[in-house]
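# Descriptive analysis of the structure
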Amino acid sequence: MSAPALSSSPVEGFTSTRFAQHLSHRAYLPAWWLEAKKAAWNQFNALPLPSRTDENWRFSDLKGLDLSGFTVPEDHSRQIPNVSSFPEAAEIVFSNRQVVARSHVSADLAAKGVIFAPLDEALRQHGDLVRTYFQKHPANLGSEKFVALNTALTVAGGFLYVPADVEVALPFVIQHTLTGHNVSVFPHTIVVLGPRAKATLVEFFVSGGSSSDAGRSLANAAPTERQFVSGVNDLHAAEGAQLTYVGAQRWSRETLAIQVNSIAAERDARVLSLNLHLGGRQARHESHSRLLGPGADGDSEFDQRPLQTHVSPRTTSNLPYKNALLDTAKTIFSGLIIVEPDAQKTDAYQKNRNLMLSDTAEAHSLPGLEIQANDVKCSHGSTSARIDGEQEFYLKARGINPTEARRLLVSAFFEEVLNKLENEDLHAALTGLIAAQFKK
Amino acid sequence: MPSLEIRDLFVALAATPDKPIVKGLNLTIRTGEVHAIMGPNGTGKSTLSKAIAGHPDYVITSGDVILDGKSILEMEPDERARAGLFLAFQYPSEIPGVSIANFVRAAVQARLAEGEELDATAYYKRLYAKMDLLKIDRKFTSRSVNEGFSGGEKKRCEILQMAMLEPTFSLMDETDSGLDIDALRIVAEGVNLMRGDKLGVLLITHYQRLLDYIVPDFVHVMYDGRIVKSGDKSLALELEAKGYDWVKQELAASSAAVANA
Ligand SMILES: Nc1ncnc2c1ncn2[C@@H]1O[C@H](COP(=O)(O)OP(=O)(O)O)[C@@H](O)[C@H]1O
Ligand SMILES: [Mg+2]
């Protein structure tokens, strides 16, 4: 195989020299992986940044996509607070690009063939398995350039594999903590559930603030460091599998975060994907759900850029996307339901609800339908509302202070989707994360 | 003895401050007393009670409301509540996604000193005891506040909150409306159990019926934004027998007398 030459990058922090160094440090990884990284690097450099005329980026703040100044942080480990305090199957904690804490799956689960490992380790020990699922169904919703950068530079990421008929009740947890000014990170997580397997993966994405306030409680932190994250997920649920994926981000107020998820559900699989966006300066979330087998059922929440493609007959999807917008937050919802000609009896529903918590928050909604089959039910709708004044007064009239009243009402707004989580500890942890947004 | 004094109160909608709805109302309630305000629909009873509670739709254009010697007009609604005021709403809000248990808990917690933790076991014990008393199914604790409740369930839930929060003064706005006779008895029993020298009640009602169950110490007739007649419980019976037209005619006669004087 001839190695393609590396093209040079116009972005100062992401130079070919830096990339070459990144590769040389990972010479121990499989050749296919290193080749994929090189190809992705060249693709990243070849693709233009999104432009005004790009329909996928309508309403987006394109100036906010300026990558100048960002650098790939040197590997270093540090003490960082752990976000999850609920019972887990196993956990991997990243500080920037480094694993700083880790618990392993029980001997019992390991004996059943469950794999939960940082991506690097999975590539070394289960390279072929990773290769089968890595970007098997890429999402093409506008962020290809950022996905390419992710593939080129990803280090922090996890691989979860649950074989056929294995059910794991406790959630697996991956925590990404980004610390420092102008740092960037590229998480890539792959989840594979075999037929009839059942598992939950929770990914926390948080900014840890500057190095001077190490150890400070995350719940009260409001870091302001400029940071850049480009994350990618590949989620696969085989026939009859039940996958719950939760992504919860509390990035700093100056973080540019782009997350691109690809979800594939085979026949009779159920995927619940729940994404909580609580921070960031500009957070873009693309999600492409593919309902591959008849009867597959996809539930995906909070996503900003969903694309539901119905390929097979008799599939159902119901996607209530909910956002609560604080300060000058901005959300762009651009959903697309595509019903392919063979996908008769599709039942697809998209709903975008925004809760506006300030006068300066902005919500844009552009749901779309593209139907090529004739026997289908599809609908979409969008609403933006402020906090209900009567409800707020009712709470205050009971002596509840305004901050707490708002917290209760925002939690209530999210409860409609959070209550789909079976695990009560996880439910409580996420409610707590939302509550932390309202601490003064 | 604590008191709630309403002094020459004028209330208007915030949107139309020059069109008063409550027009110079005077009333003093002391703890231990139950006052009833009766009046026809649209006379400003709900406006009065919501303005006292601090509802942002209304402005108090003149006059004052004094709780224990201190004006509450500069206080936020939540501060007024923590100072001992309670409003049992005529139309309680539905709050999907907030359970009764969490809602009442937040209200109880709000009354604790900074840093003081709520004793969850004691809280639930007390909550269940009050629910049993008001014949509210314990399963309601996990239901969303008022969502899908019948009229009677909503009103019982208001009384439950009042029982848990133990206000000094409670303004009860048409707590009897929409109740069948059994629910009315349960609600009245709940209120009567709370009666005593630690609580003052302003009972707003359209009908005399409630006053058979919660017997008031004073009855006031409200008409066109002010109190036009006060008496003891026999006034309620007289009003029931003669109807609101009687008040209207008396009023017209006396103002004619004033005009002729
Ligand atoms: N929020 C409001 N918006 C518009 N009009 C109102 C509002 N509140 C009260 N009013 C008007 O003020 C008058 C008194 O209403 P209200 O206080 O509800 O009377 P009551 O409780 O005695 O039946 C009515 O004419 C009513 O339409
Ligand atoms: Mg009324």
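See the structure printed just above.
Because the structure is predicted, anything quoted here is derived from the model rather than measured.

Further remarks concern the overall build of chain B. Scanning chain B from N- to C-terminus turns up nine helices and 12 strands. Taking 18 Å as the expected radius of gyration for a compact globule of 261 residues, we find that chain B reaches 19 Å, a close match to that expectation. Its C-alpha atoms give chain B principal-axis dimensions of roughly 70 × 40 × 35 Å. Taken over 261 residues, chain B has a buried fraction of 49%. A sequence separation of at least 24 residues applies to 70% of the contacts in chain B between residues at least 6 apart. Charge separation in chain B, taken as the distance between the mean sites of 30 positive and 37 negative side-chain charges, equals 3 Å.

Here the focus is the interface of chain A and chain B. Across the contact, 17 residues belong to chain A and 31 residues belong to chain B. For the pairing of chain A and chain B, the buried interface totals around 1800 Å² over both sides, and the portion due to carbon and sulfur atoms is 66%. Area buried by chain A at its contact with chain B is led by Phe393, Tyr394 and Arg398 of chain A, which between them contribute 43% of it. Inspection of the region where chain A meets chain B yields one salt bridge. The residue Arg398 of chain A makes a salt bridge to Glu158 of chain B at a minimum N-O spacing of 2.7 Å.

Before going further, it helps to spend a moment on the environment of Gly69 of chain B. Mapped onto the fold, Gly69 of chain B is located in the loop between strand 4 (58-67) and strand 5 (70-71). Taking the C-alpha atoms as reference, Gly69 of chain B lies 37 Å from Thr121 of chain B; in sequence the two are 52 residues apart.

It is worth spelling out the pairing of strand 9 (residues 226-237) of chain A at this point. Residue and element names in this part refer to chain A. With respect to burial, strand 9 is a largely interior element, 11 of its 12 residues being buried. Judged from the three bridges that link them, strand 6 (residues 183-185) and strand 9 form a sheet pairing that is parallel. Within the sheet, the bridge partner assigned to Ser184 lies in strand 9 and is Phe228.

Attention now moves to the pattern of salt bridges. All names here are of chain B. Per the counting criterion, the structure on display carries 20 salt bridges over all chains. Here Lys139 and Asp137 are joined by a salt bridge, their closest N and O atoms 3.9 Å apart. For Asp137, a relative accessible area of 40% corresponds to the partly exposed category. Asp217 is the salt-bridge partner of Arg195, the closest N and O atoms lying 3.6 Å from each other. Within this pair, whereas Arg195 is found in the loop between helix 6 (181-194) and strand 10 (200-205), its partner Asp217 is found in the loop between helix 7 (210-213) and strand 11 (218-223), the two being separated by 22 residues in sequence. The exposure class of Asp217 is partly exposed, given its relative accessible area of 33%.

Let us look at unusual backbone geometry. Among all residues save glycine, negative phi is the norm, and among peptide bonds the norm is trans. Residue and element names in this part refer to chain A. In this structure, Asn182 is a non-glycine residue whose phi angle is positive, near 65 degrees. Within the secondary structure, Asn182 sits in the loop between strand 5 (172-179) and strand 6. Judged by relative accessible area, Asn182 falls into the buried class, the value being 16%.

The next subject is the site of ligand 1. Residue and element names in this part refer to chain B. Around ligand 1 sit Leu13, Ile21, Pro40, Asn41, Gly42, Thr43, Gly44, Lys45, Ser46, Thr47, Asp57 and Tyr58, and those are all the residues in its vicinity. Backbone polar atom of Gly44 to an oxygen atom of ligand 1: 3.1 Å apart, as the coordinates give it. With respect to ligand 1, the backbone of Lys45 contributes an N or O atom lying 2.9 Å from an oxygen atom. Calculation on ligand 1 without its partners gives an accessible area of 550 Å², and the protein chains cover 60% of this total. Among the elements that line the shell around ligand 1, the one with the most residues is helix 1 (residues 45-53), at three residues. A breakdown of the residues in the shell around ligand 1 according to their chemical character gives four nonpolar, six polar and two charged.

Calculation rules
- Residues numbered from 1 in each chain as written.
- Chains lettered and ligands numbered in written order.
- Predicted model: local features only at pLDDT ≥ 70, side-chain atom pairs only at ≥ 80, totals over all residues.
- Heavy atoms only, no water.
- Helix = DSSP H or I, 4+ residues; strand = E, 2+ residues; numbered from the N terminus.
- Rg over C-alpha atoms; globule rule 2.2 N^0.38 Å.
- Buried < 20%, exposed > 50% of the residue type's maximum accessible area, 1.4 Å probe, protein only.
- Contact = heavy atoms within 4.5 Å.
- Lys, Arg positive; Asp, Glu negative; His and termini not counted.
- Charge placed at Lys NZ, Arg CZ, Asp CG, Glu CD.
- Buried area = accessible area lost by both parts, 1.4 Å probe.
- Salt bridge = Lys/Arg side-chain N within 4 Å of Asp/Glu carboxyl O.
- Pairing = 2+ DSSP bridges.
- Near = heavy atom within 4 Å.
- Polar contact = N/O pair within 3.5 Å; in protein donor to acceptor, adjacent residues only side chain to side chain.
- Areas by Shrake-Rupley, 256 points an atom, 1.4 Å probe, with all protein chains shown as cover.
- Nonpolar A, V, L, I, M, F, W, Y, C, P; charged D, E, K, R; others polar.

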